[in-house]
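Overview (structure and organization)
Chain by chain, the residues:
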Amino acid sequence: MSSIKLGEIGKISMCKRILKSQTNEQSGIPFYKIATFGGTPSAFIDEGIYIEYKEKYSYPKKGDILISAAGTIGKTVVFDGQDSYFQDSNIVWIENDETKVTNQFLYYFLQTNPFITTNGSTIKRLYNDNLRNTVIPNTPSISEQNKITEVLGSLDKKIQINNQINQELEAMAKTLYDYWFVQFDFPDENGRPYKSSGGKMVYNEELKREIPEGWGVEKIENITICHDSKRIPLSSKERANIKGNIPYYGATGIVGYIRDYIFDGDYVLMAEDGSIMTEKGNPVLQRITGKTWVNNHAHILEPIKNYSCKLLMMLLKDVQVMQIKTGSIQMKITQKNMNEIVVPRIPQSLLEVINRKLELFDRKQIALINQNQELIQLRDWLLPLLMNGQVKV
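This text gives an overview of the structure that appears in the document.

Definitions and cut-offs
- Residues numbered from 1 in each chain as written.
- Predicted model: local features only at pLDDT ≥ 70, side-chain atom pairs only at ≥ 80, totals over all residues.
- Heavy atoms only, no water.
- Helix = DSSP H or I, 4+ residues; strand = E, 2+ residues; numbered from the N terminus.
- Buried < 20%, exposed > 50% of the residue type's maximum accessible area, 1.4 Å probe, protein only.
- Contact = heavy atoms within 4.5 Å.
- Areas by Shrake-Rupley, 256 points an atom, 1.4 Å probe, with all protein chains shown as cover.
- Lys, Arg positive; Asp, Glu negative; His and termini not counted.
- Charge placed at Lys NZ, Arg CZ, Asp CG, Glu CD.
- Pairing = 2+ DSSP bridges.
- Axes fitted to C-alpha atoms, helices over the stretch in contact; angles between N-to-C directions.
- Polar contact = N/O pair within 3.5 Å; in protein donor to acceptor, adjacent residues only side chain to side chain.
- Core = buried A, V, L, I, M, F, W, Y, C linked by side-chain atoms within 4.5 Å.
- Parallel < 35°, antiparallel > 145°, perpendicular 65-115°, else oblique.
- Nonpolar A, V, L, I, M, F, W, Y, C, P; charged D, E, K, R; others polar.
- Salt bridge = Lys/Arg side-chain N within 4 Å of Asp/Glu carboxyl O.
- Phe/Tyr/Trp six-rings, centres within 6.5 Å; stacked < 30°, edge-to-face > 60°.
- Lys NZ or Arg CZ within 6 Å of the ring centre and 35° of its normal.
- Disulfide = S-S within 2.5 Å.
- Left-handed = near helix turned anticlockwise from the far one by under 90°.

**Brief notes about the overall build of the protein chain**
- Broken down by element type, the protein chain carries nine helices and 20 strands.
- Here the C-alpha coordinates of the protein chain stretch approximately 75 × 50 × 40 Å along the principal axes.
- Residue burial in the protein chain is summarised as follows: out of 393 residues, 45% are buried.
- For the protein chain, the proportion of contacts with a sequence separation of at least 24, taken over those separated by at least 6, is 71%.
- About 20,700 Å² of surface is accessible on the protein chain, with carbon and sulfur atoms providing 49% of the total.
- One way to put it: in the protein chain the 47 positive side-chain charges average out to a point 4 Å from where the 45 negative ones average out.

**Thoughts on the sheet that holds strand 7 (residues 91-96)**
- In space, the four strands of this open sheet follow the order 2-7-5-6, with antiparallel pairing throughout. Because the sheet does not close on itself, it has two edges, and the strands there are strand 2 (10-14) and strand 6 (76-78). Sheet twist, expressed as the average angle between the axes of neighbouring strands with direction ignored, equals 20°.

**With respect to the side chain of Thr 139**
- Note on placement: Thr 139 falls in strand 10 (residues 135-139).
- Residue class for Thr 139 comes out buried when judged on its relative accessible area of 11%.
- Polar contacts involving the side chain of Thr 139 include one to the main-chain carbonyl oxygen of Ile 136, which spans 3.0 Å.

**With respect to the nonpolar core**
- One finds Leu 311, Leu 316, Ile 341 and Ile 346 to be the most contacted residues of the largest nonpolar core, which totals 47 residues.
- Only helix 4 (142-181), helix 5 (220-223), strand 17 (263-271), helix 7 (309-316) and helix 9 (348-387) provide two or more residues apiece to this core.
- Apart from residues lying up to four places away in sequence, Ile 341 is in contact with Glu 218, Lys 219, Ile 220, Met 270, Leu 316, Val 319 and Ile 324.

**A look at the packing of helix 4 against helix 7**
- At a minimum axis separation of 11 Å, helix 4 and helix 7 run at an interaxial angle of 75°. By the angle between their directions, the pair helix 4 and helix 7 is classed as roughly perpendicular. On the side of helix 4, the interface is formed by Glu 170, Ala 173, Lys 174 and Tyr 177, while helix 7 contributes Lys 310, Leu 311, Met 314 and Leu 315.
- For the contact of helix 4 with helix 7, the per-class residue count stands at five nonpolar, no polar and three charged.

**Thoughts on the sheet that holds strand 15 (residues 243-249)**
- Strand order in the open sheet formed by six strands is 14-19-17-18-15-16, with mixed pairing between adjacent strands. Bordering the open sheet on either side are strand 14 (224-226) and strand 16 (254-258), each of which pairs with just one other strand. Shown here is a sheet whose adjacent strand axes are inclined to one another by a mean of 40°, direction ignored.
- Contacting strand 14, strand 17, strand 18 (285-294) and strand 19 (298-303), helix 7 runs over the sheet at an angle of about 5° to strand 17.

**A word on the pattern of salt bridges**
- One pass over the structure, following the stated rule, counts 22 salt bridges.
- Its salt-bridge partner being Asp 129, residue Arg 132 comes within 2.7 Å of it at the nearest N-O pair. Taken together, the residues Arg 132 and Asp 129, both in helix 3 (residues 128-132) and three residues apart, mark about one turn of the helix.
- Looking at Arg 132, the relative accessible area reads 30%, which means it is partly exposed.
- Across the salt bridge formed by Asp 156 and Arg 379, the nearest N and O atoms sit 2.7 Å from each other. Of the two residues, Asp 156 is situated in helix 4 and Arg 379 in helix 9; the sequence distance between them amounts to 223 residues.

**Digging into the packing of aromatic side chains**
- One pass over the structure, following the stated rule, counts nine aromatic pairs.
- Here the aromatic rings of Phe 186 and Tyr 194 are separated by 4.9 Å at their centres, their planes lie at 15°, and the arrangement is stacked.
- Taking the centre distance of 5.5 Å and the plane angle of 65° together, the rings of Phe 263 and Tyr 267 count as edge-to-face. Note on accessibility: Phe 263 and Tyr 267 belong to one class, buried.
- Among the aromatic residues, those joined into a cluster by ring pairs are Tyr 177, Trp 180, Phe 181, Phe 184, Phe 186, Tyr 194 and Trp 215.
- The side chain of Lys 291 reaches across the aromatic face of Tyr 261, ending 5.3 Å from its centre.

**Regarding the state of the cysteines**
- According to the stated counting rule, one finds zero disulfides in the structure shown.
- Among the cysteines around Cys 226, which has no disulfide bond, Cys 309 carries the closest sulfur, lying 13 Å off.
- The class for Cys 226 is partly exposed, based on a relative accessible area of 22%.

**Some remarks on the packing of helix 2 (residues 103-110) against helix 4**
- One can describe the packing of helix 2 onto helix 4 by two numbers: an axis separation of 9 Å at closest approach and a directional angle of 65°. As summarised for this structure, helix 2 and helix 4 are arranged roughly perpendicular, according to the angle between their axes. The crossing of helix 2 and helix 4 is left-handed. Where helix 2 approaches helix 4, its residues Gln 104, Phe 105 and Tyr 108 are matched on the opposing element by Gln 145, Ile 148, Thr 149, Leu 152, Gly 153 and Asp 156.
- Here the contact of helix 2 with helix 4 is built from residues that sort into four nonpolar, four polar and one charged.

**Structural notes on unusual backbone geometry**
- For Asn 113, which is not glycine, the phi dihedral falls at a positive 55°.
- Looking at where Asn 113 falls in the secondary structure, it is placed in the loop between helix 2 and strand 8 (118-119).
- One non-glycine residue, Lys 305, adopts positive backbone phi at about 55°.
- Inspection of the secondary structure puts Lys 305 in the loop between strand 19 and helix 7.

This is the structure we're talking about:
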């Protein structure tokens with residue numbers, strides 16, 4: 001086995017830029033950032049501009065490697081070949097002929113974070129020369145590369161399947177909740193859909209919509225216990241010194257794994273600052289369970305008054321963040337504003353029934369989330385061992 005530089009396996013260049021003035025927010029060919037690759041596009045261009053763009057410039061083909069070169073350095077995706085366009089200076093493209101290194105092996109090698117960055121004027125950057133000089137040590141044969149990527153790819157495929165199942169379960173839970181408590185067609189005393197069967201509705205000033213007669217409203221502070229005072233942030237250096245199997249949560253997800261915990265139970269997290277809302281403008285929510293550690297970028301809510309975690313998440317999912325956030329550049333949801341969120345007061349009889357139904361989805365989703373955490377830890381443990389030859393397939 002011999003070492004090889006990335007500059008020796010293919011062409012490395014920046015994806016070409018389309019000017020912002022040529023984009024729109026409606027429809028057409030989608031624009032992706034690496035951070036949202038394959039997700040929700042942030043802008044579009046007309047098909048004519050896209051065709052002209054591809055005729056004028058070289059363009060990634062399906063399977064090529066794309067790497068973020070600014071901001072979150074080194075985030076890597078394998079291009080899926082779908083019609084889309086990218087932003088110059090933010091995305092590096094490796095056009096690899098795969099005679100020496102397969103794209104799949106290259107993708108997993110890049111997950112080991114081998115990058116040498118250069119300090120720009122304001123932020124760290126990954127330049128083309130940095131990548132060209134990045135070395136893959138002891139590069140295995142193509143057949144060995146395929147064996148390695150088959151193992152890692154199987155783990156990633158199972159994680160992806162679990163995520164897809166979870167998305168379907170979430171959609172089913174949302175459909176049930178919306179039918180009962182957005183359309184208000186929960187079963188009435190005769191088992192018929194309340195609103196569709198002529199159930200009386202009255203306008204509620206606080207919610208700015210109609211709700212069933214006799215219902216009231218609740219503030220989030222009256223149906224939850226907020227545990228923000230127990231949060232303890234840890235630096236990356238501190239986390240590195242206490243690595244373990246317990247998830248350490250930030251505003252939008254798991255940041256790492258450590259060997260200690262603050263919380264042990266069932267909670268809902270709402271992002272407090274940083275990335276505090278989804279593409280639709282709703283709060284970023286997480287469902288956590290068991291032993292966990294949470295930093296100070298997420299509010300920690302424990303439901304009370306016979307509310308379950310799943311029901312609490314459903315109640316919060318449609319909140320408009322722009323109505324409760326503070327700050328314009330550094331947005332934040334304060335604890336005070338979160339506590340003031342108003343939701344319908346669901347009668348006790350319905351609470352008992354909906355909690356039982358949502359619990360079925362919740363248990364299945366939690367099981368899949370836990371399994372994915374184990375798979376991710378296994379993959380991340382195997383990755384460097386397979387890449388440096390300490391473990392053979």
